[in-house]
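# Summary of the model geometry
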Amino acid sequence: MRKAYVDVLVSMRSDGTILPRVVKWEDGTRYEVDGILDVRRAASIEAGGCGIRYTVQIRGRPRYLFLEENRWFVEVKR
């Protein structure tokens, strides 16, 4: 697995909570985030790195979306 850095459109609440809304893939494809299932500090075991891991639902399937310092990434197969 490798890290694929992606663009993410977010909403930010008045309390500072960050809510990912749209993930823009490397090829420009946009995916709406259907829901946020979990948020926690965690490491990416598969691709390396750590940060805040959002478990999001995209097209009915759960995916991990990581916020590492100030960049977003997802784990993808090489």
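About the thresholds
- Residues numbered from 1 in each chain as written.
- Predicted model: local features only at pLDDT ≥ 70, side-chain atom pairs only at ≥ 80, totals over all residues.
- Heavy atoms only, no water.
- Helix = DSSP H or I, 4+ residues; strand = E, 2+ residues; numbered from the N terminus.
- Buried < 20%, exposed > 50% of the residue type's maximum accessible area, 1.4 Å probe, protein only.
- Polar contact = N/O pair within 3.5 Å; in protein donor to acceptor, adjacent residues only side chain to side chain.
- Contact = heavy atoms within 4.5 Å.
- Patch = residues over 30% accessible without salt bridge, like charges linked within 9 Å, V, L, I, M, F, W, Y side chains within 5 Å.
- Areas by Shrake-Rupley, 256 points an atom, 1.4 Å probe, with all protein chains shown as cover.
- Salt bridge = Lys/Arg side-chain N within 4 Å of Asp/Glu carboxyl O.
- Core = buried A, V, L, I, M, F, W, Y, C linked by side-chain atoms within 4.5 Å.
- Pairing = 2+ DSSP bridges.
- Axes fitted to C-alpha atoms, helices over the stretch in contact; angles between N-to-C directions.
- Phe/Tyr/Trp six-rings, centres within 6.5 Å; stacked < 30°, edge-to-face > 60°.
- Lys NZ or Arg CZ within 6 Å of the ring centre and 35° of its normal.

Along the chain, Ser 44 turns up in the loop between strand S4 (35-43) and strand S5 (50-58). Of the residues examined, Ser 44 reaches a relative accessible area of 4% and is grouped as buried. Within polar-contact distance, the side chain of Ser 44 engages the side chain of Glu 75 at 2.6 Å. Other than its neighbours up to four places away in sequence, Ser 44 contacts Gly 49, Cys 50, Phe 66, Phe 73 and Glu 75.

This part covers a nonpolar patch on the surface. Side chains of Ile 36, Val 39 and Ile 52 sit close together on the surface and give an oily, nonpolar patch of about 200 Å² of accessible area. Mapped onto the elements, Ile 36 comes out in strand S4.

Core analysis: the largest hydrophobic core is formed by 13 residues, its most contacted members being Val 6, Val 23, Leu 65 and Trp 72. When contributions to this core are tallied by element, the ones reaching two or more residues are strand S1 (2-12), S5, strand S6 (61-68) and strand S7 (71-76). The residues touching Leu 65, leaving out its near neighbours within four places in the chain, are Val 6, Val 8, Pro 20, Val 23, Ile 52, Arg 53, Tyr 54, Val 56, Trp 72, Phe 73 and Val 74.

Glancing now at the sheet that holds S4. Sheet architecture is open: 7 strands sit in the order S3-S2-S1-S7-S6-S5-S4, paired in antiparallel fashion. Each having just a single partner strand, strand S3 (30-32) and S4 make up the two edges of the open sheet. Along the sheet, successive strands turn relative to each other by an average axial angle of 40°, direction set aside. As paired strands, S5 and S6 are joined by 7 bridges and run antiparallel to one another. Looking at the pairing, Gln 57 lines up with Pro 62 of S6.

The next subject is the packing of aromatic side chains. Evaluation of the coordinates by the stated rule reveals 5 aromatic pairs. Plain terms: the ring middles of Trp 25 and Tyr 31 are 6.4 Å apart, the flat faces sit at 85° to each other, and that makes the pair edge-to-face. The side chain of Arg 53 reaches across the aromatic face of Tyr 64, ending 4.2 Å from its centre. The ring of Tyr 5 is capped by Arg 71, whose NZ or CZ atom sits 3.6 Å from the centre of that ring.

Before going further, it helps to examine the pattern of salt bridges. Across all of its chains, the model carries 3 salt bridges by this definition. Linking Arg 2 and Glu 26 is a salt bridge whose minimum nitrogen-to-oxygen distance equals 3.2 Å. A residue pair is termed long-range when its members are at least 10 positions apart, and Arg 2 in strand S1 and Glu 26 in the loop between strand S2 (18-24) and S3 qualify at 24 residues. For Asp 38, the salt bridge is made with Arg 40, and the minimal N-O distance between the two is 2.6 Å. Accessibility expressed as a relative area gives 24% for Asp 38, which makes it partly exposed.

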